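# Reading the structure
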Amino acid sequence: MASNLNSRIVRAMIALTMLAFVVVYFGLSAYFFFIYDWLYPEFTDDEILRTGDVVTLGLLLGIGILTASLLGWVLARRIVDPLKSVGAAARKVANGDFSARASLSRGNFGEASELVNDFNQMAGRLQRAEAELKYSNSAIAHELRTPLTILRGRLQGLLDGAFAPSPELYDRLINHVDDLSAIVEELRTLALSNAGQLDLQYSSLDLAMEAKVALASLEDHFAAAGITVTRQLSSGILSADQSRLRQAFVAVLENCCRYAPQSTVHVKTGVDEQHVFFRCTDTGPGIPEESRARAFERFWRADDSRGRSRGGSGLGLPIVKAIAQAHGGEAVILPGKEPGLTVEIRLPCQVSPIA
């Protein structure tokens, strides 16, 4: 395909050059041999001169064709080389090598540069998605293995008579089942979000009221974690899915209970330019600055302050981000000089369903 395009460009350049020279050549020949004698009958003895002019035109035609061939070849190379590079990289990507990238030589057209850059960005996203998928599969197996192992061990102990049936034992088994159900539901939410199929039921809401309900539902958790809650809830009207919005708020607040016990949590809602926002700030250990970019990756936990021993699945903030994006907004971690963590959910004031 590339050689075919090369040859087509060269032939087109030669054809254009030949057409231009043929028009000039035969036009001047007709002028010298026919029109010239009619216009200037007194100058009819310069036949040799006119023949030399025609020969000169022929030489110029040959030089022009050679020049056009060279220019056509250079132009074809500049056009085709990026296409060949993108094509070769695309074949590697199609064969499963997502590390393949297209290269760009100097002197290419702006459109070729944009094509190569867009392809490399696409390949980079595919590579990251593949790495995330591999990691997610391993992490899912790890997250499900522990509660399943405990659950099976307790059931086997009941079957063998090693454990005496009691309400407390059954309550613990139910808690393990609830943990599994919660993980499955979180994974389902993320899967629907990635597929763009997260079903949202829109209604007019006041962000302050939804934050108040979420805070009220976690009062016992705050008390058990020794957390002091302060609030500054200003009204912010938007169109959103009430249950999903509360799910996001609860996920942020549960992170505070789990990772910032014995701290102060400040919750603020309001309107900022074109957005309404929910902002939660805790005075806990926080996340290192260099790790904040990964906070919204599924199953990721910081080693020190947010380890698995605290009970988190690593899906809380990714779900918050997925719900925010499904509403056309975003979830971010705000920079701060003081210890602690500030998570903000920003949503458009008027939200329409995303197709």
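Residues numbered from 1 in each chain as written. Predicted model: local features only at pLDDT ≥ 70, side-chain atom pairs only at ≥ 80, totals over all residues. Heavy atoms only, no water.

Time to look at the nonpolar core. Core analysis: the biggest nonpolar cluster contains 43 residues, and Phe249, Leu253, Phe278, Cys280 and Ile345 have the highest contact counts within it. Among the elements that make up this core, the one with the highest residue count is helix H7 (residues 242-259) (eight residues). Residues in contact with Cys280, not counting those within four places in the same chain, are Val252, Leu253, Cys256, Val265, His266, Val267, Leu341, Thr342 and Val343. Ranked by size, the runner-up nonpolar core spans eight residues in total, among them Val86, Val93, Val116 and Ala123. (Core = buried A, V, L, I, M, F, W, Y, C linked by side-chain atoms within 4.5 Å. Buried < 20%, exposed > 50% of the residue type's maximum accessible area, 1.4 Å probe, protein only. Helix = DSSP H or I, 4+ residues; strand = E, 2+ residues; numbered from the N terminus. Contact = heavy atoms within 4.5 Å.)

A few words now on the pattern of salt bridges. Applying the stated criterion to the full structure yields four salt bridges. Its salt-bridge partner being Arg246, residue Glu210 comes within 2.5 Å of it at the nearest N-O pair. You can see Glu210 sitting in helix H5 (residues 207-217) and its partner Arg246 sitting in helix H7, a full 36 residues away along the chain. Exposure remark for Arg246: the relative accessible area of 28% places this residue in the partly exposed category. In this structure, Arg279 and Glu344 form a salt bridge, with 2.5 Å as the shortest nitrogen-oxygen distance. (Salt bridge = Lys/Arg side-chain N within 4 Å of Asp/Glu carboxyl O.)

Counting across every chain of the model gives one cavity of 30 Å³ or more. In this structure, the largest cavity occupies an estimated 40 Å³ of space. For the largest cavity, the full set of lining residues is Val252, Asn255, Cys256, Cys280, Asp282, Leu317, Leu341 and Val343. Of all the elements in the fold, those that place two or more residues in the lining of the largest cavity are H7, strand E5 (275-282) and strand E7 (341-348). When its residues are assigned to classes, the lining of the largest cavity shows six nonpolar, one polar and one charged. (1 Å grid on protein atoms, 1.4 Å probe; cavity = no way out; pocket = protein on both sides within 12 Å on 5 of 7 lines; lining within 4 Å. Points joined across faces, edges and corners; volume = space filled by probe spheres on them. Nonpolar A, V, L, I, M, F, W, Y, C, P; charged D, E, K, R; others polar.)

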